[in-house]
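What the coordinates show
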Amino acid sequence: MDGMKKFYQMTIEERRETIREESGLSAQALAALCGVNGLSEETADRMIENVIGRYCLPIGIARNFIINGKPYLIPMVIEEPSVVAAASNGARIAAAGGGFTAEADAPRMIGQLQILNIPDPELAKAALETKKDDLLKLAAESCPRLIERGGGPVNLEFRVLNETAAGPMLILHLTMDVRDVMGANLIDTALEAIAPKVEAISGGTVRLRILSNLADQRLARARCSVPVSALAFKNYDGETVRDRMLEAAAFAEADPYRAVTHNKGIMNGIDAVALATGNDWRAVEAGAHGWAGMEHTETEPMLPRSRHRGAESSGAAIHPLSHWTVDPENGNLNGFIELPLAVGIAGGATHVHPGAAAALELMAVQSAQELAGVIASVGLAQNLAALKALSTEGIQRGHMSLHAKQMAVAAGAQGEAADRIAARMVRENRVSASYAAELAAEINKETLHA
Ligand code: MEV
């Protein structure tokens, strides 16, 4: 293999070989990761209903990630061009400042019981409070193996919702430490186990018994501190790039229309890793956007003291998930992200899908908390790269060349021919499916006559 080639310049085979060498993955795990010998039809048939086959998406590896001093190879499953390149680029820039530091809360999930038909919710709440220990014990009986692994029910809380369209209701929150799984099944089982006793104590009717995807007790955080020298490129000096990125971040702090897009870019990275590792990315999405809509207690010193509600523009309160500031000590660009990340390294599809199991093996993550910290870092890297590109030369330049390549492939071109077509479309500023088809036909004709 040509040692001078950059990873993105290699053939798919060369990239696989590089990943094998760097990670020490077995041939079997690598084949599963790459989809060569991945999810079987029989397994797929056991995963969901009405299966008619398996559906492929590209998997790419984001590089340059250093998180808490450890290098990581990041598997990303995504249909959108530029995302993997941007993550690698953001990670490379962050690496100039030592990479990311990341952490995650204990894996505590919340489950909710909706209690209806209680004449006096406050009285029912008081009655349930006195039986808290009994209820927690009952919940614990539903998950003996989780208890063995050091997890289990942690707390019960009650919230009275006096004014709902269906009248007053009492809501019970059961918090459980679910250790290394996402936790939906554990929570739902425990809720169903305690529901009859809750009815008996409260005198009400328990209706919904379901986990909450607003996993605000299971937050992950990542930080980076980028020296301005690492932001300089082409004709842009580092200070200019940093200051423009801060202006872009301020836009997201002040305006929900921008904040949602800012967060979408972050979720590009987060979802891609969640998907690669067999995690429930809709749960992650729902939690992240819910969190972005909440006013938080700001314990994090790097957060701006006052968050703008954006009320002038839309009435909605959506906050960016990441925050950027200047380090007063050295002028570095400091990034911080915090969001709920209900992800697991066991359970669900994480080991049923051989590709997901291999993706987790590739990252060599030892716990759900470690995975959450890695995923938060990927989100921050994605945001770093997006803000840098958007506030300088724009994203279309890089994006269009990747998009052009996709179109060339869709027009039937392969390998070098696809690269040639893509390069020509970008050079002529004519990136379209019809032009790609025209150029592919031209190349086919040349080949036939050669
Ligand atoms: C595109 O998928 C994501 C971006 O729009 C994110 C952003 O605007 O920050 C580039």
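For clarity, every value in this text was computed on a predicted model and none was experimentally measured.

**A few points about the site of the ligand**
In the vicinity of the ligand, the residues found are Glu 80, Arg 258, Thr 261, His 262, Lys 264, Gly 265, Asn 268, Ala 386, Leu 390 and Ile 395. A distance of 2.7 Å is found between an oxygen atom of the ligand and a side-chain nitrogen or oxygen belonging to Lys 264. For the ligand, the accessible surface in isolation is 300 Å², of which the surrounding protein chains cover 84%.

**Brief notes about unusual backbone geometry**
Even without being a glycine, Ser 82 presents a positive backbone phi close to 85°. Mapped onto the elements, Ser 82 comes out in the loop between strand E2 (70–77) and helix H4 (83–95).

**Overview of the packing of aromatic side chains**
One pass over the full model with this rule turns up 2 aromatic pairs. Between the aromatic rings of Phe 65 and Phe 100, the centroid separation amounts to 5.7 Å while the plane-to-plane angle is 20°, which identifies the pairing as stacked. In this pair, Phe 65 sits in strand E1 (residues 59–67) while Phe 100 sits in strand E3 (residues 100–104), placing the two residues 35 residues apart along the sequence. For Phe 100, a relative accessible area of 1% gives the class buried. Taken together, a centroid distance of 5.0 Å and an interplanar angle of 25° make the contact between Phe 233 and Tyr 236 stacked. For Phe 233, a relative accessible area of 17% puts it in the buried group. A cation over an aromatic ring shows up here: Arg 63 above the ring of Phe 7, its NZ or CZ 4.2 Å from the ring centre.

**Description of helix H1 (residues 12–23)**
Since one α-helical turn is 3.6 residues long, residues separated by three or four positions face the same way. Across its 12 residues, H1 extends 16 Å between first and last C-alpha, which sits within 8% of the 16 Å expected from 1.5 Å per residue. Here H1 has its buried residues at Glu 14, Thr 18 and Ile 19. End-on view of H1: buried residues confined to an arc of 135°, all on one side of the axis. Set apart from the buried face of H1 by more than 90 degrees, the exposed residues are Ile 12 and Glu 13. The elements touched by buried residues of H1 are helix H2 (27–33), E1, E2 and helix H12 (354–363). One or two residues past the end of H1 sits Gly 24, with phi positive at roughly 70°.

**Some points on helix H14 (residues 396–410)**
Spanning 15 residues, H14 covers 20 Å between terminal C-alpha atoms, matching the ideal 21 Å at 1.5 Å per step. Those residues of H14 not exposed but buried are His 399, Ala 404, Met 407 and Ala 408. Summarising the contacts, the buried residues of H14 are in contact with helix H15 (415–427) and helix H16 (433–449). Just past H14, the residue Gly 412 takes up positive phi, approximately 100°.

**Re the nonpolar core**
With 58 residues, the main nonpolar core has Phe 65, Ile 74, Met 76 and Leu 339 as its most contacted residues. Core analysis: the second largest hydrophobic core is formed by 31 residues, Phe 158, Val 181, Leu 191 and Ala 195 among them.

**Focus: a nonpolar patch on the surface**
Taken together, Tyr 55, Leu 57, Leu 275 and Trp 281 make up a surface patch of nonpolar side chains, about 420 Å² in accessible area. With a relative accessible area of 31%, Leu 275 lands in the partly exposed category.

**Observations concerning the domain arrangement of the protein chain**
By a widespread convention, an interface's size corresponds to the accessible area lost as its parts come together. Structurally, the protein chain comprises domain 1 (7–103 + 221–393), domain 2 (108–211) and domain 3 (398–449). Averaged C-alpha coordinates put domain 2 and domain 3 at centres separated by 58 Å.

**Topic: the packing of helix H10 (residues 256–276) against helix H11 (residues 281–292)**
Between H10 and H11, the least distance of the axes is 9 Å, while the angle of their chain directions is 155°. As summarised for this structure, H10 and H11 are arranged roughly antiparallel, according to the angle between their axes. The interaxial crossing formed by H10 with H11 has right-handed handedness. Here Asn 263, Met 267, Ile 270, Asp 271, Ala 274 and Leu 275 of H10 lie close against H11, whose contacting residues are Trp 281, Val 284, Glu 285, Ala 288, His 289 and Ala 292. Taken together, the residues that form the contact of H10 with H11 break down as 8 nonpolar, 2 polar and 2 charged.

**Re the pattern of salt bridges**
Per the counting criterion, the structure on display carries 18 salt bridges. Linking Glu 370 and Lys 70 is a salt bridge whose minimum nitrogen-to-oxygen distance equals 2.9 Å. In this pair, Glu 370 sits in helix H13 (residues 368–390) while Lys 70 sits in strand E2, placing the two residues 300 residues apart along the sequence. The residue Arg 179 makes a salt bridge to Asp 177 at a minimum N-O spacing of 2.9 Å.

**Here's the deal with the confidence of the model for the protein chain**
Confidence in the prediction for the protein chain averages 92 pLDDT; 94% of positions are at 70 or higher. Throughout residues 298–315 the model reports pLDDT below 50, and contacts reaching past four residues in sequence, or to other chains, amount to 36 contacts.

**Digging into the pairing of E2**
Most of E2 is tucked away, with 6 of its 8 residues classed as buried. Pairing between E1 and E2: 7 bridges, direction antiparallel. Opposite Gly 60, over in E2, you have Met 76 as the bridge partner. Once E1 ends, the chain turns through 2 residues before running back antiparallel as E2, passing Asn 68 with a positive phi of about 50°.

**Some thoughts on the sheet that holds strand E5 (residues 152–161)**
Strand pairing in a sheet relies on backbone hydrogen bonds, with the paired strands running either antiparallel or parallel. One open sheet holds the 4 strands; their spatial order is E5-E6-E4-E7, and the pairing between them is antiparallel. At either margin of the open sheet sits one strand with a lone partner, and together these are E5 and strand E7 (205–211). In this sheet, neighbouring strand axes are inclined to one another by 20° on average, regardless of whether the strands run parallel or antiparallel. Across the sheet, helix H6 (residues 132–141) lies against E5 and strand E6 (169–177), angled at about 125° from E5, the strand it touches most. In this fold helix H8 (residues 184–202) packs onto strand E4 (108–116), E6 and E7, with an angle of close to 165° to the strand it touches most, E7.

So, how was this worked out
Residues numbered from 1 in each chain as written. Predicted model: local features only at pLDDT ≥ 70, side-chain atom pairs only at ≥ 80, totals over all residues. Heavy atoms only, no water. Near = heavy atom within 4 Å. Polar contact = N/O pair within 3.5 Å; in protein donor to acceptor, adjacent residues only side chain to side chain. Areas by Shrake-Rupley, 256 points an atom, 1.4 Å probe, with all protein chains shown as cover. Helix = DSSP H or I, 4+ residues; strand = E, 2+ residues; numbered from the N terminus. Phe/Tyr/Trp six-rings, centres within 6.5 Å; stacked < 30°, edge-to-face > 60°. Buried < 20%, exposed > 50% of the residue type's maximum accessible area, 1.4 Å probe, protein only. Lys NZ or Arg CZ within 6 Å of the ring centre and 35° of its normal. Expected span 1.5 Å × (residues − 1). Arc of directions from axis to C-beta. Contact = heavy atoms within 4.5 Å. Core = buried A, V, L, I, M, F, W, Y, C linked by side-chain atoms within 4.5 Å. Patch = residues over 30% accessible without salt bridge, like charges linked within 9 Å, V, L, I, M, F, W, Y side chains within 5 Å. Salt bridge = Lys/Arg side-chain N within 4 Å of Asp/Glu carboxyl O. Domains from an automatic or database assignment. Axes fitted to C-alpha atoms, helices over the stretch in contact; angles between N-to-C directions. Parallel < 35°, antiparallel > 145°, perpendicular 65-115°, else oblique. Left-handed = near helix turned anticlockwise from the far one by under 90°. Nonpolar A, V, L, I, M, F, W, Y, C, P; charged D, E, K, R; others polar. pLDDT = per-residue confidence, 0-100. Pairing = 2+ DSSP bridges.

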